[in-house]
Every structure is written in structure tokens, then in C-alpha cells.
Amino acid sequence: MGRILVTGATGTVGRHTVALLREAGAEVVALSGGDGDLRDPGTLPPLEGVTSALLVWPFATADGARDVLRALAGRRVVYLSSAARREGEREVERLVEEMAGEWTFLRPHAFAANALRWARQVRAGVVRGAYGAAGLPVVHERDIAAVAVRALLDAGHHGAAYALTGPETLTQADQVRVISEVTGLPVRWEELSPEHARAALAAEGWPPGVAEEVLRAQAELVSRPVPVTSAVEEVTKAPARSFREWVREHADAFLWAPGGARTGSGAGAVMRAARIHEFGDASVIRLDEVPIPRPGPGEVLLEVAATSFNPSEIGLRSGLLPEVFRASLPHTLGWDVSGTVVETGADVSGLAPGDRVFGMVDGAAAEYVIAPAGALARAPRSIPLADAAAVPVAGLTAWQAVHEHARLTPGRRVLVNGAGGGVGMFAVQLAKLAGARVTATASPRSAAAVRRLGADEVIDYTTTPLPADVDVLLNLIPNGPAGQSRTIVSIAGGEGHFVMRYDPDDLATLATLIDGGRLAVEIAESHPLTELPQIHQRAEAGDIRGKITIIMA
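Residues numbered from 1 in each chain as written. Predicted model: local features only at pLDDT ≥ 70, side-chain atom pairs only at ≥ 80, totals over all residues. Heavy atoms only, no water.

Peer 1: Give a description of the sheet that holds strand β8 (residues 160-164) that names residues and reports values.
Peer 2: The six strands are arranged β2-β1-β3-β4-β5-β8 in an open sheet whose pairing can be described as parallel. The sheet is open, and its two edges are formed by β2 (27-31) and β8, each paired on a single side. Each strand axis lies, on average, 15 degrees off the axis of its neighbour in the sheet, ignoring direction. Looking at chain direction, strand β3 (residues 50-55) and strand β4 (residues 76-80) are connected through four bridges and run parallel. Across the sheet, residue S52 finds its bridge partner in β4, namely R76. Helix α3 (residues 87-99) rests against β3, β4 and β5 (102-108) of the sheet, and its axis sits at about 160 degrees to β5. (Pairing = 2+ DSSP bridges. Helix = DSSP H or I, 4+ residues; strand = E, 2+ residues; numbered from the N terminus. Axes fitted to C-alpha atoms, helices over the stretch in contact; angles between N-to-C directions. Contact = heavy atoms within 4.5 Å.)

Peer 1: Tell me about the side chain of T441, residues and numbers included.
Peer 2: Relative to the helices and strands, T441 is located in strand β20 (residues 437-441). What makes T441 buried here is its relative accessible area of 0%. Ignoring any residue separated from it by four or fewer positions in sequence, one finds T441 in contact with L415, V416, N417, G418, A419, G420, I459, Y461 and L466. (Buried < 20%, exposed > 50% of the residue type's maximum accessible area, 1.4 Å probe, protein only.)

Peer 1: Requested: an account of the pairing of strand β11 (residues 270-276), with residues and values cited.
Peer 2: Of all the seven residues making up β11, six are buried; the element is thus mostly covered by neighbouring parts of the structure. Relative to strand β12 (residues 285-291), β11 runs antiparallel, the two sharing seven bridges. The residue of β12 that forms the bridge with I276 is I285. Judged from the two bridges that link them, β11 and strand β14 (residues 331-332) form a sheet pairing that is antiparallel. Residue pairing for β14: I276 is matched across the bridge by H331.

Peer 1: Tell me about the side chain of S526, and name the residues and values.
Peer 2: Looking at where S526 falls in the secondary structure, it is placed in strand β24 (residues 523-528). A polar contact of 2.4 Å, which involves the side chain of S526, links it to the side chain of E190. In this view, S526 contacts R128, E190, T549 and I551; residues no more than four positions away in its chain are not counted. (Polar contact = N/O pair within 3.5 Å; in protein donor to acceptor, adjacent residues only side chain to side chain.)

Peer 1: Describe helix α1 (residues 14-23), listing the residues and the values that go with them.
Peer 2: Among the residues of α1, those classed as buried are G14, H16, T17, V18 and L21. On the buried face of α1, the contacting elements are β1 (3-7), β2, β3 and α5 (141-153). Directly after α1, the chain includes G25, whose backbone phi takes a positive value near 90 degrees.

Peer 1: Lay out the environment of G395 in plain terms, naming residues and giving numbers.
Peer 2: With respect to the helices and strands, G395 occurs in helix α14 (residues 392-405). Residue classification places G395 among the buried positions, given a relative accessible area of 0%. With residues near it in sequence (within four places) discarded, G395 still touches F426, L430 and L510.

Peer 1: For the sheet that holds β12, give the residues involved together with the corresponding values.
Peer 2: Here we have three strands laid out as an open sheet, ordered β12-β11-β14, and antiparallel in their pairing. Edge positions in the open sheet fall to β12 and β14, since each of these has one partner strand only.

Peer 1: Can you break down unusual backbone geometry residue by residue, with the values?
Peer 2: Here the amide bond leading from L329 into P330 is cis, since omega sits at -5 degrees, within 30 degrees of zero. Tracing the backbone shows P330 in the loop between α12 (312-318) and β14. A positive phi angle is found at Y131, which is not glycine, with a value near 60 degrees. Note that Y131 resides in the loop between β6 (126-129) and β7 (135-136). What makes Y131 partly exposed here is its relative accessible area of 21%.

Peer 1: If you had to explain the pattern of salt bridges to someone new, which residues and values would you point to?
Peer 2: Evaluation of the coordinates by the stated rule reveals 41 salt bridges. The partner of R294 in a salt bridge is E343, and the shortest N-O contact between them spans 2.6 Å. With R294 in the loop between β12 and β13 (299-308) and E343 in strand β15 (residues 336-344), the pair connects residues that are 49 residues apart, well separated along the chain. Accessibility expressed as a relative area gives 22% for E343, which makes it partly exposed. Among the ionic contacts, a cluster of salt bridges with common partners joins R142, D143, R241, E245 and E249. (Salt bridge = Lys/Arg side-chain N within 4 Å of Asp/Glu carboxyl O.)

Peer 1: I'd like a description of the environment of A110, backed by residues and values.
Peer 2: Here A110 shows up in the loop between β5 and α4 (119-124). Taking the C-alpha atoms as reference, A110 lies 7.9 Å from T165; in sequence the two are 55 residues apart. With sequence-adjacent residues up to four places away left out, A110 is seen in contact with L136, V138 and V139.

Peer 1: Outline the packing of aromatic side chains, listing residues and values.
Peer 2: Taken as a whole and assessed by the stated rule, the structure comprises six aromatic pairs. For the ring pair W103 and F105, a centre distance of 4.4 Å and an interplane angle of 25 degrees mean the geometry is stacked. Residue classification places W103 among the buried residues on the basis of a relative accessible area of 14%. When the centroid spacing of 5.7 Å and the interplanar angle of 10 degrees are considered together, the rings of F243 and W246 count as stacked. Highlighted residues: F243 and W246, both in helix α10 (residues 243-249), separated by three residues, approximately one helical turn. When the ring centre of F59 is taken as origin, the NZ or CZ atom of R39, which lies over that ring, is 4.0 Å away. Above the face of the Y368 ring, R120 is positioned so that its terminal group lies 5.0 Å from the ring centre. (Phe/Tyr/Trp six-rings, centres within 6.5 Å; stacked < 30°, edge-to-face > 60°. Lys NZ or Arg CZ within 6 Å of the ring centre and 35° of its normal.)

Below is the structure:
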């Protein structure tokens, strides 16, 4: 059998190849990235007795491959190429053909393991990308390794180029659906335009050329999905593993990963945060890289799924009403938060890493945030975690308006003025749950949503006078009507004005209503953290409605 060299021995395919070879009784010489520079043959281990090698070439070009293959000349080489056969891969294939004694090429299509790039988005409940209908028969890395082992150990594979796929073609949106079903997390695919997807990839550090190549390939896969091949089964004599099987094996990586997917863990880890260093217009919002904080006694560190935009944040950012919006500079924006506990400080009970929570905390517009453990509630289980960030400020304001200030009871007539906003959407539903008859004002673009949420009558305030014959006016917008009801409750100043009181017990009640299907959470839009300045600009121009979530992943 001889000794077998495996390069990339700790990688996605290499580690499975090493394990299978050892199970078969082979002597393996394992070479990983930490063992030197593969492009320098002088860093290779002694090759005496090595009869075959799995070549995993992790570089974009073939530079250095000739010298390595010269060291392997005359031996059997199995090269892990790809179905894309990029320029560097084609050149390595040519060199293998020229210099190896026997050769086999493995050309897998998309790895199932590529789905791990969505792990944080899966925890947030929203996976965003372009071309959700792009179809690929993603292949399990253990199947690639199994084919590699047979080509390394058995005769009859010289000159073969195996196109490796899984057993079924799945779109990107299908993959997200499978992940949701297996993990039990509510997750949806959110389609982005190619322009927004390109910007998102650039924000993650992808080189422009690579991002463009990926998007171009995905676009082509919408109309021409890759067909399934039988190569895995023909070589290994076992059916190719399904994507669902792969997800079952890797479910823990989607449910929670210590330190998060972007930053890693340990001293010096950093995160992105939307901060202001001075008060002013939306241009003062900056996306900074800052150290990830550590929780103190009674605190937890959250991997933030999302925050949401609240119009009152404009006042804080602008430096208005400093006695209300107290902020020392630099200041991280955001109050609403939903996320996963990743670390707990001393004296924390009732919460543990992996718990999904939501609440209110200063500085939520960041990838991680510290929160007092007692200020958090368990997030609703039935909606994406990111959507839960729409609830705390708006939901609690509506709850307290309906139950503590208006004290609505069955049969009372209530006018919700400004029902198309974030608070209004919740107020309509909570008033209906209280048994009231609800008349709601909304613009034409919000009317359908308000009616769907249970309003008995929807009035276009731009064309129709507001009714005076109501028992309660819930005024949610500035300059609302006055003197048209016996009870006025307002969050916009004037008569009946109140300020929301944060109460995690009330928030837990809202979560129960959501999970019971009695309270819907409607998200008008969701955007990445990089677009927070534009959301502030649009809000000041009156160009938003409903709740907008800001997703970290």
C-alpha cells in the first residue's frame, strides 16, 4: 500500500481523507497549513516510501506547484480541483498530467460545507443574498474524501476526472429551508438585488473580481442548474449523502458557535459598531471596529442578531433633548436588540450560552453587546430571531398605551392615529385583543397591512376627516387631533403624553402572544448595519413606514 501523503490534512476534505485512509490501514503522512509553505518543496516531509498523494492546492494561482509536483514525480497524484476549473486549477491539472506517474482529478461542485458561511445569519433567522433560485447539487465533503481514498488506494482511476455532486439539486433558498427544518430555527431566505449583494460581499472583504465571478455564476445557475452526476456512487459503491444529512451532522454550528463566525474568540477580537463621535446629521454615523466587550457580574454578552430603527434615535443622534437622550461620545446607536447569549459574567443565573433573547439595551447597533441579564426576556420561538428586534420599544409602547393608559375594555371604540408605524401595527392588534372596536388611520401604502392586522375600519387621513365619536384616541404621530374623544393617550407630545417604561416581564408577555399566534410581527424592511445612515436619512425625509430591522450578519 505504501505511505500516502495528504496535503491540507486538517481542511474540509483532507481531515476526512486522513481518517478514512487510517481506517483502511494506510500509513498517512499528514501535511497541514501549519507545517510550512506548500509552495516550498523544502517544507515537505520526507517522501521516502510515499507512493501516492492527495494534492489540495489552496492558492489562487499555480505558482510553486511545478516544484512540488517535481518532488512527487512518478507517484500517483489525486488532485482536488473544482468543477469551475479556474485558471490556476487548470494549470495545476496540466502540471499533474505532465509530471505524475498516475493521476486522477476530483472536480466537486459546491461543497455542502459552504453553507456554514450562513451560520450567523441562520441564528438571526434571515439569510440574505442574490439569486435564491440558483440551483446546485451540493456535495458532502465526506463523499469527496471517500472518492479520493478509492483513487489513492485502488487501481483503475488513472486519467479519470470525476465531477462530484450530491444526490439532488437544491436552490440556495431550498438549502436555507432544509437548515431551518433540521435545526428547528425559523429561518427565511431574503432576496437581494445583485447590486445590494455585491455591496454586502464587499463589506465582508471579498475582492471585487471574486464577488463578481460568484454573482455571475449564481445568475447562470438560476436558468441552468448543475445536473446531478453518479460519480460518487460509481466510485465508492455507496449513494451520495444528502444535504439534509450534512445539516444534521453540523446542526450545532448553526445553533451557536463560540465567538461568532466573523471575529473568532479570545483577546484582541473585534466587532463592528455603528457609532457617533459628534452630534449632527446622518453623516456622523460611522461603522467602527472596536474590541468585543466582556461581561461583568450580572451581565451577558450577546451575539446580536438585529436591532431595529426607532425614530427617536434621530433625536439622540442630532443632540436634541439632551436631558432625555443622554449619551456620552463616542456613542453606539441602537436600543432594541435580539441575539444569542455567548458568554455570561459572574452571578448570572437563568441564562446560558446559546439562549436566544431580546430586550432593550444601549449600543445594540453592533455585532456584540453587553446586557444586564435581568433586562432580557426569552425571544419568541416562532419567528426569526432578527424579527424579534422589532418588538421591544414599539411593542412595549403599544402594550402600555392600550393596557396601562387607555385601559381598553371590550366594546370601547378606539382611534389609532398613525397605525402604519411600528407602534401602530402593535397597537391595532393589542386593542383588538382587548376587545375594542378599532378605527385606524394609515396612508394608502400602509392601509392593507393595517387592515390585515385587524383594524375594523381604515381611514386615509390624507383625504378623509377623522371621526370624533370614539371613546379613546391613541395618538402616535406629531400634531395629531385633539378634543375628539373622552380619553387621549399620546406618545407624540401634547395631551395624554406618556413615555414608555421598559419592563422585561411585559416583553415576556408579548413573546407569549407572538408564539401563540395572537400577535404578528410585521417587518417592513431589513437592512445590513452598513446602511444605517441611509435609514436615518430616509426617516428624516418621511420615506419609511412600519418597523425596519438592522441585521448584523
